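If you want the building blocks of each chain, they are given just below.
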Amino acid sequence: MLESDEEDLVDVAAVLDGDGDAYARIVERHNVDIQRQMRNFSRDPAAVEELTQDVFVEAYLGLAKFRGDAPFRHWLARIATLTGYKHWKKRDREKAKVPLSESLEAPAREADNEGRAGEAAKILFDLLSLLPPDDRMAMTLMYLEKLGQDEIAARMGWSRVMVAVRIYRAKQKLRKLGEKEPWKGRLEWMMS
Amino acid sequence: MDDVLKNIERLADLAAGRPLPLPLDPAGVMARIQGLEIEEPAARIPLGFFAGGAAAAAAAAVFVSILAFAAFQELASPDGAITSLMDVMGSMDVLP
């Protein structure tokens, strides 16, 4: 157990005892990691900030349910993943209702300062956004959060078989997309 | 593994090198939480509402079906010819 995990346990107990400052400490300790996670769900910095806040509000409302048998950061990461998943599902429903031009993600203002890494993230985000939310989630957790299949299953509450099927299906789709333009050119240019 | 998937994997490794985001001021989160607490107990409604709402809806559905069945029996058998569900189903040739 990390030192920060112990601090989390102390602060969670303090919040449940009515100490609001303790929750500010939790937010301070974890917000960079949660923002980094939420960047996988949106390229709009304002949306990332709002999603990050959503995660901490959800966590606060459900804090009494945290049992402490796993580190708090794992519990929080799961809430973050499910919050991002809800965001995609919502966007997916909206996309079906409004013209495509209005439903596109806001342009990535940050990516300009992030050089090659930012460009890679942009291409990957755009490519994965062509998958249905469930497949996209499996690939995001695998490629960007570097989770194994068991961890993805635990994070999403899916069976191990379901994860394997989703990854297989998503890879097939990505392979097909990546063999055609403009993705073929973008991927090759990036790797040159 | 073919080139496309290999390239995507490399892309993900490159993307992981993005600089860390700037820390957020916890005040924004705390203000939202405070806003919810001012509206207490409404703040807790979303969670409780769904659980309570689902239970209430299920109970209401059962109650309405009982009423509907009773009304159906009343209408279908004013002279008391049809007195039970088995009779109703039997009369509709549902049962052998």
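Note that the coordinates shown come from a computational prediction; the quantities given were computed from them, not determined experimentally. Sequence order as written defines residue numbering, which begins from 1 separately in each chain. The naming scheme follows written order: chains are lettered A onward, ligands numbered 1 onward. Two thresholds apply to this predicted model, a pLDDT of at least 70 for residue-level local features and 80 or more for giving and counting side-chain atom pairs, whereas whole-chain, interface and lining totals are computed over all residues. Neither water nor hydrogens contribute to the side-chain values; these are computed over all heavy atoms in the structure.

### Quick word on the interface of chain A and chain B
Link 1 in the chain: Each side of the interface is counted separately: chain A has 40 residues, and chain B has 31 residues.
Link 2 in the chain: Of the roughly 3500 Å² buried at the junction of chain A and chain B (both faces included), carbon and sulfur atoms supply 71%.
Link 3 in the chain: The term buried area means the drop in 1.4 Å probe accessible area that two parts suffer when joined, counted for both and summed. When the area that chain A buries against chain B is broken down by residue, the three leading residues are Arg39(A), Leu61(A) and Met191(A), summing to 18%.
Link 4 in the chain: By salt bridge we mean one thing: a side-chain nitrogen of Lys or Arg within 4 Å of a carboxyl oxygen of Asp or Glu. Here chain A is connected to chain B by two salt bridges.
Link 5 in the chain: Among the ionic pairs, Asp13(B) bridges to Lys146(A), the shortest N-O distance being 2.6 Å.
Link 6 in the chain: We define a polar contact as two N or O atoms separated by no more than 3.5 Å, with the added condition that, inside protein, one atom must be a possible hydrogen donor and the other a possible acceptor, whereas residues neighbouring each other in sequence contribute only through side-chain atom pairs. The tally of links from chain A across to chain B stands at six residue pairs in polar contact (both at pLDDT 80 or more). The contact criterion used throughout is that any non-hydrogen atoms of two residues lie within 4.5 Å.

### Here we look at the packing of helix α9 (residues 160-178) of chain A against helix α1 (residues 3-15) of chain B
Link 1 in the chain: Here an angle of 0 to 180 degrees is reported between the N-to-C directions of two axes, which are lines fitted to C-alpha atoms, with helices fitted over the stretch in contact. Working definition: helices are DSSP H or I runs of at least four residues, strands are E runs of at least two. Numbering for both runs from the N terminus. Where α9(A) meets α1(B), the closest approach of the two axes is 9 Å, and the angle between their N-to-C directions is 100°. One way to sum up the angle between α9(A) and α1(B) is to call them roughly perpendicular. When α9(A) is examined against α1(B), the residues Lys171(A), Leu174(A), Arg175(A) and Gly178(A) are found in contact with a partner set consisting of Val4(B), Leu5(B) and Ile8(B).
Link 2 in the chain: Here the contact of α9(A) with α1(B) is built from residues that sort into four nonpolar, one polar and two charged. Under this scheme an angle from 65 to 115 degrees is roughly perpendicular, one under 35 degrees roughly parallel, and one over 145 degrees roughly antiparallel; angles in between are oblique. Under the grouping applied here, Gly and all other residues not named as nonpolar or charged are polar, the nonpolar ones being Ala, Val, Leu, Ile, Met, Phe, Trp, Tyr, Cys and Pro and the charged ones Asp, Glu, Lys and Arg.

### Things to note about the environment of Ala16(B)
Residue and element names in this part refer to chain B.
Link 1 in the chain: Secondary-structure assignment places Ala-16 in the loop between α1 and α2 (26-38).
Link 2 in the chain: Residue burial is assigned from relative accessible area. The probe radius is 1.4 Å, only protein chains are included, and a residue is buried under 20% of its type maximum, exposed over 50%, and partly exposed in between. Looking at Ala-16, the relative accessible area reads 54%, which means it is exposed.
Link 3 in the chain: Along the backbone, Ala-16 and Pro-26 are 10 residues apart, and their C-alpha atoms lie at a distance of 25 Å.

### A few points about the side chain of Glu145(A)
All names here are of chain A.
Link 1 in the chain: For Glu-145, the location among the structural elements is in the loop between α7 (133-144) and α8 (149-156).
Link 2 in the chain: Judged by its relative accessible area of 18%, Glu-145 falls in the buried class.
Link 3 in the chain: Contact partners of Glu-145, with chain neighbours within four places excluded, come to Gln-37, Asn-40, Thr-81, Thr-140 and Arg-155.

### Brief notes about the nonpolar core
Link 1 in the chain: For the purposes of this section, nonpolar cores are sets of buried Ala, Val, Leu, Ile, Met, Phe, Trp, Tyr and Cys residues that join through side-chain atoms within 4.5 Å. Ranked by internal contacts, the top residues of the largest apolar core, which has 61 residues, are Tyr23(A), Met139(A), Ile152(A), Leu174(A) and Ile8(B).
Link 2 in the chain: At eight residues, the largest contribution of residues to this core is made by helix α3 (residues 45-61) of chain A.
Link 3 in the chain: Excluding anything up to four places from it in sequence, Ile152(A) contacts Ala138(A), Leu141(A), Met142(A), Leu147(A), Trp158(A), Val163(A) and Ile167(A).

### Comments concerning the packing of aromatic side chains
Each aromatic ring pair is specified by the distance between its two centres and by the angle formed by the two planes.
All names here are of chain A.
Link 1 in the chain: Any Phe, Tyr or Trp ring, taking Trp's six-membered ring, that has another such ring centre within 6.5 Å forms a pair; planes under 30 degrees apart are called stacked, those over 60 apart edge-to-face, and the others tilted. Evaluation of the coordinates by the stated rule reveals six aromatic pairs over all chains.
Link 2 in the chain: Ring plane angle 40° and centroid distance 5.5 Å describe the contact between Phe-72 and Trp-75, whose orientation is recorded as tilted. Of this pair, Phe-72 and Trp-75 both sit in helix α4 (residues 72-97), separated by three residues, roughly a single helical turn.
Link 3 in the chain: On the numbers, 6.5 Å between centres and 75° between planes, the contact of Tyr-85 with Trp-158 is edge-to-face. Of this pair, Tyr-85 sits in helix α4 while Trp-158 sits in the loop between α8 and α9; the two residues are 73 residues apart in sequence, bridging distant segments of the chain.

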